[in-house]
Amino acid sequence: MFRTALRTVLAHKARLLMTVLAVMLGVAFVSGTLVFTDTLGNAFHNQSEKSYKDVAVAVSSYDETLNPANTVNSGTGTGDGKDAAGAKKPSPGIDKPTFDRIAAVQGVASVTGRVDGFAGVADRKGKLIGEGWSTRGGNFAPGKDGKDLSYAFTAGSGPARAGQIALDKDSAAKGAYKVGDRVRVATNGPVKTYTLTGIFSTEEGSVNSGGSLVLFDTPTAQKLFLQPGYFQDVTVVAAPGSARSDAAILTDVKKVLPENADARTGRQLADKQAKDIEAGLSGLNEMLLAFAGIALFVGVFLISNTFTMLVAQRTRELALLRAVGASRRQIKRSVLTEAAVVGVIASLIGFVLGVGLATGLRSAIGSFGAKMPAGPLIVSPTAVGAAFGVGVLITVIAAWLPARRAAKIPPIAAMSSVHGLATVKSLVVRNSIGAVLTLAGAALIVGGASAGGDNGRVMIAAGAFLALVGIIVLIPLLSRPAIALVRPLLERVFGVAGKLAGQNAVRNPRRTGATASALAIGLTLVTGLTVLGVTIGQAVDKSTTDNIKADYMVTMASGDGLDTSALEALEKAPGMTAVSPQQDASIRVKGEFHSASGVTPGDVAKVLSFRTVTGSLDSLGKGQLAVAEKTAASNKWKVGDVIEVTYDDGKQGRLKVGATYQDNEFLSPLVVSTDVIAPHEAKAYIPQVFVKADGGPSQVREQALVDALGDNPAVSVSDQQDIRNTYGGTINTALNIMYGLLAMALLIAVLGVVNTLAMSVFERQQEIGMLRAIGLDRGKVKRMIRLEAVVISLFGAVVGVALGTFLAWAIGQTLRTQIPQYVLVIPWDRIAVFLVLAGLVGVLAAMWPARSAARLNMLTAIKTE
């Protein structure tokens, strides 16, 4: 029977082609994902190992001055590290005495201190090089030989004094800079011009991700990013040939560290980074494998359809095998062996394609401005095993039902060419199971929508799975009435070809259902994501336009806070009628932290929609407090109440509630004047400044803001449309990524349509020959096949669109409380595009089968059994 199975595969290789393609694509997705993430993880792990190769101990610190719990009540110092009351002052990092004590530890050869922060480099046109979040600055820390081992200089040397910088070679190339040029660099303060003294290469993550790295001399870097005399991190190198272990050095180093610092050995830090990299890549791995699973799930229908049709077409052959002594078990095993052989062949091709895909992805990273650390392509046993295991298992599982049906073919069927038809009992059982699953899934989806929150979304996910399976089971039953609705239109518009296409589409409901199911799954996901994405996008857009009255929003490209000097410059810019920051702060009330916004009284109401519920916003100018309506209600605060508060510096005060207002997404629950919180903030954190221009937005007004900020490349000036794009662009980007990942599943669904039509044409050769003989010309034969494909494709698309919209509605109901302005939006234009594309898929999928049908020789076809 094994030899019979192999011969059958070879005899039907053309008809098994689409199955091979479907499995191949799914396996390529799985193996490509595993190889790519393994390669990426190995490259970053090796880079981490290299970075800490010579490091015995690494010390890191955090800035205590940014932690309200560590602040003191008095700003008066005694000069000995304590305040006037004798309390220890908060430390911003590792100071020089601590640095020297670390260097004095036995077995230490050298100690290097590091500081870093945001530093944006302008190109020759004044534009920022790289993305804001990945543009970094640090300090050049040369050893006794004048070299900093972290950086290899390709031209010039490191900065030796204030006013000098060094730049990574990629950024220097992008800005067309060479040693000796003057370069404009922006930190969180005003932009400054420096002399470029050197260009270097590095494996720093900011550079590899497409950003830039600027090196300053150490005193300048400390002044810019921390405080003079302090370091954020310190690395310790052991003396060559030292008998002391890294662990022993670590123990002694810890003894001299302040409370805000921690130390680990280089080995420990490399291992931690390796775990962090693995954890970070696991999310990417899981997401890609989930979409690969969707593609393979869609492929199951194609494979099952193929083997079902092959079994039906070989009824007499299989019955003859039964007649000459083959048992049911042997017949079933023979069909499953055929599936396994196909799975192995497809998995082998898919695995090779997946390795090529991983190689291509690694190369493609560079086209997005990022760099991947050097390293070999990693093809792990897990990737190989998963590729072949998934490919063969999916193929065998999909072929199990057709194999079971093949085993039930009686020997007497060898005397007839009539293919076995489903019994009434089997159809009743199938439809009953489908109805129960669909109803149970719908009930769970509706229940989840009502429950809301995370629990509701879990219920919806379970319900979606049950409903999808149920509809797939029911789809043959649904196909008859659904297609019957369009049959009169087909006959009226396309005549005989349309009538025959409608009849052929429902001739075998199971085959039609399996083909339509593949498209339905893909369109369910695409439609659900689209409806949800468009709805959330419009809600965010409406929230933005409703809450922001400003003409411009000014932010740092890095996402960090603006310096107070930027706010002062904007207030002095000509032609501006209102300027207000949204300064982040926190205020404790009865030990509970509440986020607060510092604003400019009077101006804030002109730049943000500040809708008063009770009291007056004029009270902000009197040093009083405005409270969001929900926060006031939950704390039972009302206008006139006096609240005991504790500020960030630990000082206590009393604030009177002067107004309550409707909640605004761009304001914190508590709003006060910047004058109230300024004395209590070591450094103001201002994420945004909103500006209203005289006469509205214009190119002149925007340029006035840019000029006022000193043409700072690190500061972004956004108009109303830019603001909307900022908040809505993320959703559109996410949707496009999802569409791309679902493309594989949709491609397999298209192959399913091609496969069904091709095998249907082969099965109906005699019928097509008879039609040609009685006068149906080749053009009408092609039209008949094309229309049949369009009908099946549109049927699957309509089912998918309906289910996807239903799921989007349910998920949206669980998000209503989290997204203000949420109202379900049905994007009819996009849905229409999906349906048109589904029809086009049918036309394209039918090209080869239609051409084959039209070219059949009439006499040969008529003689075919």
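Before reading on, note that the structure itself is shown above.
Next up on the list: helix α14 (residues 496–505). Summarising burial for α14: 7 of the 10 residues are buried, a large majority. Along α14, the positions that sit buried rather than exposed are Ala497, Gly498, Leu500, Ala501, Gly502, Asn504 and Ala505.

Attention now moves to the packing of aromatic side chains. A full pass over the atoms with the stated rule returns 9 aromatic pairs. Ring centres of Phe140 and Phe153 lie 5.6 Å apart, and the angle between their planes is 85 degrees; this geometry places the pair in the edge-to-face category. With Phe140 in strand β6 (residues 135–140) and Phe153 in strand β7 (residues 152–156), the pair connects residues that are 13 residues apart, well separated along the chain. We classify Phe140 as buried; its relative accessible area is 7%. A ring pair is formed by Tyr151 and Phe200, whose centres lie 5.1 Å apart and whose planes are at 65 degrees; its orientation type is edge-to-face. Here the residue Tyr151 occupies a position in the loop between β6 and β7, and Phe200 occupies one in strand β10 (residues 192–201), the gap between them amounting to 49 residues.

As summarised here, the arrangement of the 4 strands in space is β3-β13-β1-β14, forming an open sheet in which the pairing is antiparallel. One side of each edge strand has no neighbouring strand; the edge strands of this open sheet are β3 (108–114) and β14 (261–265). On average, adjacent strands in this sheet sit at an angle of 15 degrees to one another, irrespective of strand direction. The strands touched by helix α3 (residues 96–103) are β1 (57–61), β3 and β13 (233–238); relative to β3, the strand with the most contacts, the crossing angle is about 155 degrees.

Quick look at the pattern of salt bridges now. Counted by the stated rule, this structure contains 14 salt bridges. Between Asp181 and Lys178 there is a salt bridge, with its nearest N and O atoms 3.6 Å apart. The residue Asp551 makes a salt bridge to Lys692 at a minimum N-O spacing of 3.8 Å. Here Asp551 is found in the loop between α15 (509–547) and β15 (552–556), whereas its partner Lys692 is found in strand β23 (residues 685–693), with 141 residues between them in sequence.

What follows concerns the pairing of strand β8 (residues 164–168). Of all 5 residues in β8, 5 are buried; the element is thus mostly enclosed. The alternating pattern of β8 places Gln164, Ala166 and Asp168 and Ile165 and Leu167 on opposite faces, both of which are buried. As defined by bridge partners, β8 adjoins β10 across 5 bridges and the pair is classed as parallel. Pairing of Asp168 across the sheet is with Phe200, part of β10. As defined by bridge partners, β8 adjoins strand β11 (residues 212–217) across 2 bridges and the pair is classed as antiparallel. In the sheet register, Ala166 faces β11, and the bridge partner there is Leu215.

Criteria and cut-off values
Residues numbered from 1 in each chain as written. Predicted model: local features only at pLDDT ≥ 70, side-chain atom pairs only at ≥ 80, totals over all residues. Heavy atoms only, no water. Buried < 20%, exposed > 50% of the residue type's maximum accessible area, 1.4 Å probe, protein only. Helix = DSSP H or I, 4+ residues; strand = E, 2+ residues; numbered from the N terminus. Phe/Tyr/Trp six-rings, centres within 6.5 Å; stacked < 30°, edge-to-face > 60°. Pairing = 2+ DSSP bridges. Axes fitted to C-alpha atoms, helices over the stretch in contact; angles between N-to-C directions. Contact = heavy atoms within 4.5 Å. Salt bridge = Lys/Arg side-chain N within 4 Å of Asp/Glu carboxyl O.

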